[in-house]
Amino acid sequence: MKSLRLMGIGLLVVIPFLTMKAQKALTPQDLQAWKRITTRVISDDGQWVGAVFTPWRGDAEVQVFSSAGKQVQTYSPAGEVMFSASSNYALIKKVPALALIDSLKLKKTKKNRMPMDELVIRNLKSGSEWTIDSLKGYRLAEEGEWLAYQRTRKDSSLVVASLDGKKKYVLPSASVYGFAKEKAALYFVTKDTVKGKPGMYVWRAEAPQPVLVKEGKGVFVQPAFDKAGNKLAFLYTDNKKEKDYTLSLWISENGGESRELINRTTAGLPNGWVLSPNQPLNFSDDASRLFLGTAPAPLQKDTTILAENRPNVQVWNWDEPVQYTVQNYNVKRDLKKSYAAVYWMNNNKLIQISDEELPNSQLPVKGMGDWAIISTSKPYSVSSMWEGRTRSDYYKVSLATGERTLIAKADYTSYRLSPAAKYASSYSQTDSCWYAINLTDNRKIRLTTPQSFPAWDEESDYPDYPRPHGSAGWTKDDSAILIYDRYDIWSFDPEGKKAPVKLTKNGRDSKVSYRRINLDREQEYVDLSKPVMMAGFNEKDKTTGIYRAKLSASENPTLLVGGSYNFGNVVKAKGADKYIYTRENYEVFPDIWATDASFKKSVQLTQGIRQQEPYIWGTAELISWTSLDGKALEGVIYKPANFDPNKKYPMIVNFYERNSETLHAYHMPEAHRSTIDYSMYLSNGYIVFNPDVRYRDGYPGESCYNCVMPGISEVLSRGYVDAKRIGAQGHSWGGYQVAYLATRTGLFAAIESGAPVVNMFSAYGGIRWGSGLARSFQYEHTQSRLGATPWSDPRRYYENSPLFLMDKVVTPILIMHNDQDGHVPWYQGIEYFVALKRLGKPAWMLNYTGEPHWPTKTPNKLDFQIRMKQFFDHFLKGEPMPKWMKEGVPAVKQPFELGY
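Residues numbered from 1 in each chain as written. Predicted model: local features only at pLDDT ≥ 70, side-chain atom pairs only at ≥ 80, totals over all residues. Heavy atoms only, no water.

A. Expanded view of the sheet that holds strand β17 (residues 207-215). If you trace the four strands from one edge of the open sheet to the other, you get β14-β15-β16-β17, paired in antiparallel fashion. A single partner strand is all that each edge strand has here, and the edge strands are β14 (176-179) and β17. Across this sheet, the average inter-strand angle for adjacent strands is 15°, counted without regard to direction. As judged from the four bridges shared by β14 and strand β15 (residues 185-190), these two strands associate in the antiparallel manner. Opposite V176, over in β15, you have V189 as the bridge partner. (Pairing = 2+ DSSP bridges. Helix = DSSP H or I, 4+ residues; strand = E, 2+ residues; numbered from the N terminus. Axes fitted to C-alpha atoms, helices over the stretch in contact; angles between N-to-C directions.)

Laid out in structure tokens, this is it:
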């Protein structure tokens with residue numbers, strides 16, 4: 001399909017017209033080659049835009065545009081693009097072609113003989129370029145036009161070059177290097193004794209002779225400049241085995257080498273503790289404080305006992321705070337755990353902030369403010385096993401003295417520190433209220449009540465306390481906190497003295513949900529003196545527009561750009577009122593558009609939509625019906641572009657929970673890991689139906705049946721679906737639901753059920769190996785929605801478990817469940833398959849060995865899509881049964897043939 005694009009004020013109209021060229025159906029192989037935009041960047045002056053188009057497998061390409069719409073250059077294969085702070089240069093990393101890499105791997109080429117990347121530096125004004133070949137790595141200065149890079153795989157010289165290529169400083173080989181944030185200052189560590197002494201150096205553009213900061217052949221870690229590049233802190237040790245680090249500071253104005261600030265004997269460091277090499281060092285915004293990590297000295301193994309003579313046993317304790325499986329999953333992380341501390345430059349004082357008793361810390365934004373918050377959930381962690389949440393004790397800590405004060409005890413609320421560190425605030429799910437704690441006098445102020453402000457998800461259907469809609473942030477100096485309800489943004493006085501103000505006046509009345517778009521990640525507060533940009537989701541027509549309002553007072557936000565699309569991915573140029581954004585719907589690829597602050601004139605830059613032209617595409621349509629228990633429901637019907645209402649189509653029902661809000665979402669073609677690809681099935685003559693499901697506590701299976709089946713009946717009443725050729729497909733929670741439906745109806749001609757739970761009794765007692773968590777909370781309080789334990793209400797577990805009704809199944813079933821699934825126990829899939837096999841019912845099971853909850857490797861995802869399509873094509877379109885379905889793939893032949 002081609003289209004003519006006409007621009008109006010804040011509106012874009014697309015008028016499609018058909019090409020004469022015949023269109024074809026998508027194949028699984030086509031999905032792999034499909035390119036999506038993985039990077040969108042705009043230069044600081046707003047004049048240039050870069051995009052990376054990346055296929056699921058194949059060669060990515062970089063496209064560079066002027067924001068006026070001209071495509072400047074395309075680089076392929078290439079994987080990265082960025083702009084200099086001056087906006088005068090673009091840097092593009094070119095990579096070897098995938099076909100070349102594959103061919104060399106087949107020839108067993110050694111890694112050190114493989115081709116390397118290249119870096120292209122393009123002058124955006126003149127169009128001239130220079131290239132760095134055999135690229136090992138590089139860093140671009142955030143300020144100034146400087147680049148540091150290394151070539152070849154061996155320890156190579158570090159080169160600092162001006163972006164015009166006219167100045168180059170060749171430094172010794174470096175193991176670590178990096179620029180300061182606001183200055184062309186570079187640190188680097190070298191062991192090269194040929195060109196000078198080994199150690200840490202600083203290079204500065206204004207004085208390019210490297211300065212030795214600390215001499216040493218040991219280990220340097222966590223180097224960090226302050227933002228101005230005038231101070232450099234780092235950890236160092238000569239003892240490579242014990243790694244007993246010291247912390248040193250270099251100050252440019254002092255000249256010479258650094259001085260040691262902290263070692264394990266420094267006052268303020270807990271007895272037996274050391275400096276942690278695993279925690280980054282960070283200066284406060286004004287460089288008056290240095291935040292660091294500390295930890296107990298590492299445990300040492302008893303070297304007098306042979307490892308083979310030491311028993312290897314896990315001891316699980318019934319009342320240990322954290323379940324052993326969680327401990328075991330996190331053991332590598334916990335062995336590197338660090339605890340926050342701060343060093344004051346003015347008085348050379350070290351303050352320990354958190355420790356093993358109170359391990360969790362929240363530090364003030366940019367390191368400024370008087371307080372930090374520390375907390376622990378250890379006394380209450382056992383109950384989190386089944387509650388799915390935990391209580392915590394919270395303390396405020398004076399950053400100046402380390403004094404701790406309890407501010408909340410055994411509290412389910414997850415308090416967060418405000419930007420100016422004057423308050424701790426959060427939503428309490430247990431009473432549906434927002435609270436703020438004044439950190440000066442420890443007063444707890446209730447900001448909302450359930451009667452005065454509906455802060456929670458009004459449509460929650462979990463057997464649990466509903467979650468909040470969240471916060472848009474704080475205003476300057478913590479003068480107000482901005483809180484969302486379902487539709488609007490409200491301003492609340494954290495002291496509770498002033499009445500709340502609804503800043504977006506018309507959200508609830510117009511059924512538009514406004515959410516702030518953060519255009520400046522470095523600004524910690526919301527500046528209400530300036531216009532605020534928002535995304536607005538319309539619940540009625542499911543569109544998302546871009547709005548703007550000056551929220552210093554209550555007003556109706558102004559729609560900048562809208563229509564039957566989802567608009568998003570808004571990025572503002574750092575130094576100009578220039579923007580890029582995407583717009584999409586099912587038929588329109590989310591290409592990049594450029595505009596100014598008015599959004600009245602937008603220019604399309606990328607042309608990803610052209611990938612669709614050779615293929616039969618489709619349309620999306622919202623429909624509604626009523627569930628068997630009287631709930632109003634919506635869903636989306638996807639039809640082929642060449643849809644004929646007089647034909648009878650096969651249909652696949654695919655769903656999870658509620659997806660009608662994605663009506664205008666573009667479904668990026670992909671060899672998906674867990675679901676059908678809508679575009680491929682539509683182009684192959686299928687209709688796809690995605691119904692919403694609303695649940696009743698304790699009856700997830702029945703709720704699914706009550707919602708989905710009348711939705712299918714609504715579609716059938718329209719006359720274009722063949723009732724004998726309907727399939728269903730779902731994964732994980734969706735896999736459970738289609739497995740349940742198979743026990744209640746014979747309507748489906750084929751079902752693919754991925755990673756399903758079929759036995760809620762055995763699943764309740766299982767472990768989510770991807771986190772180590774026990775699964776009990778999921779059944780009592782979250783997605784599985786039983787709202788009870790197996791011993792308090794075993795009937796719910798029985799009635800919602802498909803396993804106990806396998807004799808009712810008449811539908812052929814394809815199961816996909818992998819042996820390393822960390823979400824749903826693999827044995828659920830085995831129980832499912834064995835029961836069907838025992839009953840002599842047609843069933844197949846795919847196990848992508850070594851894969852988790854879904855295939856992650858590209859060949860496995862493609863294989864899954866091929867087999868699933870063959871499965872549905874056979875039962876819904878009468879295609880021949882493939883060999884793997886007819887004969888299987890015996891274990892002795894599995895390494896040699898695929899069966900299709």
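Read on for the rest.
B. Region of the structure containing unusual backbone geometry. Here S76 and P77 are connected by a cis peptide whose omega angle stands at -5°. In this fold, P77 is placed in the loop between β6 (71-75) and β7 (78-83). A positive phi is found at T152, a non-glycine position, where the angle reads about 65°. With respect to the element layout, T152 can be found in the loop between β11 (146-151) and β12 (157-162). Classification of T152 by relative accessible area gives partly exposed; the value is 32%. Positive phi outside glycine occurs at N569, with the angle close to 55°. (Buried < 20%, exposed > 50% of the residue type's maximum accessible area, 1.4 Å probe, protein only.)

C. Focus on the packing of helix α8 (residues 700-716) against helix α9 (residues 733-744). Running from N to C, α8 and α9 cross one another at 75°; their axes reach a closest spacing of 9 Å. In terms of their interaxial angle, α8 and α9 are classed as roughly perpendicular. For the pair formed by α8 and α9, the contact residues are P700, G701, E702, C704, Y705, V708 and M709 on the first element and W733, Y736, Q737, Y740, L741 and R744 on the second. (Parallel < 35°, antiparallel > 145°, perpendicular 65-115°, else oblique. Contact = heavy atoms within 4.5 Å.)

D. Quick peek at the environment of D59. By the element assignment, D59 lies in the loop between β4 (48-55) and β5 (61-66). Taking the relative accessible area as the measure of exposure, D59 reaches 27% and is therefore partly exposed. Setting aside chain neighbours within four positions, we find D59 in contact with K35, P77, P96, A97 and L98. Within the structure, the side chain of D59 is placed 2.8 Å from the backbone nitrogen of L98, a separation counted as a polar contact. (Polar contact = N/O pair within 3.5 Å; in protein donor to acceptor, adjacent residues only side chain to side chain.)

Read these as layout, nothing more, since geometry by itself doesn't imply function.
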